[in-house]
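Overview (structure and organization)
For reference, the chains in residue letters:
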Amino acid sequence: MNKIEVKNLTKVFGSHPQQGLKRLKNGEAKAEILDKTGMTVGVNQASFEVKAGEFFVIMGLSGSGKSTLIRLVNRLIEPTDGEVLIDGEDIIKMESTELRETRRKRLSMVFQNFGLLPHRTVLDNVAYGLEIQGVDKEKRIKKAEESIIDVGLKGYKDSYPKELSGGMQQRVGLARALANNTDILLMDEAFSALDPIIRKDMQDELLSLQDKLDKTILFITHDLDEALKLGDRIAIMKEGQIVQVGSPEEILENPANEYVSNFVKDVDRSKVLVASHVMKKPEVLMTYKDGPRVAVRKMEEAEASSIFVVDKEKNYKGLLTIDDAIKAYKEEIPLEQVLNTKVQEVLPDTPLHELIGIAAEAKYPLAVIENGKLLGIISRISILSGLVLGKENEEAVTP
Amino acid sequence: MNYFYFPLEEWTNLFVNQWLLPVMGGFFNTISNLLGAFIDAVTNLLIVVPPEIITIVLILLSWKIAGKGIALFTLIGCLYLGSVDLWDPAMQTVAIVVVSTLVSIIIGIPIGILAAISDIIDQIVRPILDFMQTLPSFVYLIPAILLFGLGGVPAVIATFIFATPPAVRMTSLGIKQVPSDVIEASRAFGSTRWQLLIKVQLPLALSTIMAGVNQTIMLALSMAVIASMIGAPGLGSTVLSGISTVNVGLGLAGGLGIVVLAIILDRITQGLGRKA
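As the structure is a prediction and not an experimental result, all values here were calculated from the model. (Residues numbered from 1 in each chain as written. Chains lettered and ligands numbered in written order. Predicted model: local features only at pLDDT ≥ 70, side-chain atom pairs only at ≥ 80, totals over all residues. Heavy atoms only, no water.)

This part is about unusual backbone geometry. All names here are of chain A. Phi angles above zero are rare outside glycine, and Asn8 is one such case at about 50°. Counting through the fold element by element, Asn8 comes out in strand β1 (residues 2-13). Given the relative accessible area of 41%, Asn8 is considered partly exposed. Here the phi dihedral of Asn181 falls at roughly 55°; this positive angle occurs in a residue that is not glycine. (Helix = DSSP H or I, 4+ residues; strand = E, 2+ residues; numbered from the N terminus. Buried < 20%, exposed > 50% of the residue type's maximum accessible area, 1.4 Å probe, protein only.)

The following block contains the structure:
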């Protein structure tokens, strides 16, 4: 089910927003409306949906309306038109009490400038959401302390925000959002105010927190690299409109228009693509029982000097080279004993830029393995072609 | 320029004599009695408690809030008030300052909050505050006597008019200055209007509000001499009798007493503002 569903959401700032809306529906552009009426179009008929557990990133340059959009989702800004369904309920139609309950129980938000209360300690800041819900002190302190540990701020609970660095303050902001235990996290340029190195740390930690907590995240950023790194899917915004929604690969490989392709052309693909994007289905596999003769023949057919071995359940066993196979044949020893089990193994989500280093030192192709199963193999050629072409090379690369 | 005659004087007198006094007289009497009892209670308390104890309390307070220097000054100031035989008038002045400041705060801060929240209220309150601050105080001393008689009560009323505007303005300013990102965050987490005010806006505006309270106290003190003209007891009346008998020494003694009180009260309330 969709956790968040946004339909035709529009925000026009100005004296006669309904008039602006009409013009938008007639297809007038943002600049035209500003020229003729002086009204600013924040968001122009945006539609998208976010699935439960999805990490959805909205990417756009400043002025593209992304910050307005995220504030329309929890109605910090009143929309001019459209629907925002949270768990199927339209937040736009809610009465103030209902809206408040939704903000308390279903949505929590992390802000670019942290939005921490300077007169409260870290602990009291984190407990704030629970405090205003009337949760009793003992319970909310306990929950807040857990969240503080989750974001790695153990030992800082009695500090004041101004005593902390930017990165740590944003951890407090994140802990405050987590303490409310909502399914949905709205993050408005959450890491944009941080130094690059701290930002990278926060991104990594957010991803690992996401693995653990399985939140639905709506993340706003102006940084394409950040969007590609974090997002399961990305929406690109321009002048209040969503111009493309897709997975990072889709955005990179099939930009919807020139705007998007200009955007993505300088992206460092090695940071976006992962092992599963460039791996090949191993051409030749064999079960143990086949014996050295069959192994040698299969290698001959594939014109390869080695072959990966799996058992009947496709569990990965190791690599057999032609020399070893011949040796096993001549000396009549079982294949298990000559099997090379020291082949480099990588996970399917290992980023390409990490693979480069591993592949450079490896003698044989890399084995992509998840839960003991061999998913595919990666040769140096497939890494290079991935970097250049960006996606799976259809040609078989045999070991 | 007198194209037509505007009988403001007659109308005002008519309004006061025909309506305000006969119709509202009872209402003003009640206020007068309540305030009078309050002033008496505070004055009596300050006079019954031995000066030594009050001095020690003041010294401890200023030490804790404003530091050693001010504590020393408080000691010297209190010794001065005692040694020029002006302790009791000083306490009477303090009583009127305390009562009028309390009234100003109780009425002024909520109005300041409302003015910060609502633009309409802000637009209504602003000219009234300008009026209160710029109208010469003698002008409202006259109706104050008519409505509340002579003594401490009209002094408190006049002081209230003179000293409330900074409390209102600074409260409003303090609340408006609370960073919008903090307010937005609080709203995003589902605060009610009241929770936002109590848990976010007021705590963050507190030091500005305290600066307003400090100004209110200072203005209240500066009103002490003027208010003595309508029979308010205290250091003001000491200065006034110094003026009327051309007794420069008495005038100076009383005037210095007011300065001493002003410095002590100012430093203590400023210190409170800084801590907030």
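Next, the rest of the story.
Now for a negative patch on the surface. A contiguous patch of negative charge, built from Asp211(A), Asp214(A), Asp349(A) and Glu370(A), is present on the exposed surface. Note that Asp349(A) resides in the loop between β14 (345-346) and α18 (352-361). (Patch = residues over 30% accessible without salt bridge, like charges linked within 9 Å, V, L, I, M, F, W, Y side chains within 5 Å. Areas by Shrake-Rupley, 256 points an atom, 1.4 Å probe, with all protein chains shown as cover. Salt bridge = Lys/Arg side-chain N within 4 Å of Asp/Glu carboxyl O. Lys, Arg positive; Asp, Glu negative; His and termini not counted. Charge placed at Lys NZ, Arg CZ, Asp CG, Glu CD.)

With that settled, the discussion passes to the sheet that holds strand β3 (residues 55-60) of chain A. Residue and element names in this part refer to chain A. Ordered by their spatial adjacency, six strands build an open sheet running β6-β7-β8-β3-β9-β10, and the pairing between neighbours is mixed. The strands lining the two open edges of the sheet, one partner per strand, are β6 (107-110) and β10 (241-246). Ignoring which end each strand starts from, the neighbouring axes of this sheet average 20° apart. Pairing analysis gives five bridges linking β3 to strand β9 (residues 233-238), with the strands arranged parallel. Bridge pairing links Ile58 to Ala235 in β9. Against the sheet, helix α3 (residues 66-73) makes contact with β3, β6, β7 (184-188), β8 (216-221), β9 and β10, and its axis sits at roughly 155° relative to β7, the strand it touches most. In the packing of helix α8 (residues 166-179) onto the sheet, contacts are made with β6 and β7, and the angle to β6 comes to roughly 180°. (Pairing = 2+ DSSP bridges. Axes fitted to C-alpha atoms, helices over the stretch in contact; angles between N-to-C directions. Contact = heavy atoms within 4.5 Å.)

This paragraph deals with the domain arrangement of chain A. For chain A, the domain assignment lists domain 1 (2-106 + 182-267) and domain 2 (276-389). Taking only C-alpha atoms, the centre of domain 1 of chain A and the centre of domain 2 of chain A are 43 Å apart. (Domains from an automatic or database assignment.)

Paired through their backbone hydrogen bonds, the strands of a sheet run either parallel or antiparallel. All names here are of chain A. Spatially, three strands are ordered β14-β15-β16 in an open sheet, and the strand pairing comes out mixed. Among the strands making up the open sheet, the edge pair consists of β14 and β16 (373-378). In terms of strand pairing, β14 meets strand β15 (residues 366-370) through two bridges, oriented parallel. Across the sheet, the residue bridging to Val346 is Val368, located in β15.

The next point concerns the interface of chain A and chain B. Contact with chain A, which involves 25 residues of that partner, is made by 16 residues of chain B. Summed over both sides, the interface between chain A and chain B buries roughly 1,800 Å², with carbon and sulfur atoms accounting for 60% of that surface. Of all residues in chain A, the largest losses of buried area upon contact with chain B belong to Leu76(A), Tyr128(A) and Ile132(A), amounting jointly to 27% of the total for that side. Our count for the contact surface shared by chain A and chain B stands at two salt bridges. One salt bridge in this structure joins Glu184(B) and Arg71(A), with 2.4 Å as the shortest N-O distance. The interface formed by chain A and chain B contains 10 residue pairs in polar contact (both at pLDDT 80 or more). For the side of chain A that touches chain B, the element with the most residues is helix α6 (residues 128-132) of chain A, which contributes four residues. The residue inventory of the side of chain A that touches chain B, partitioned by class, reads 10 nonpolar, seven polar and eight charged. (Buried area = accessible area lost by both parts, 1.4 Å probe. Polar contact = N/O pair within 3.5 Å; in protein donor to acceptor, adjacent residues only side chain to side chain. Nonpolar A, V, L, I, M, F, W, Y, C, P; charged D, E, K, R; others polar.)

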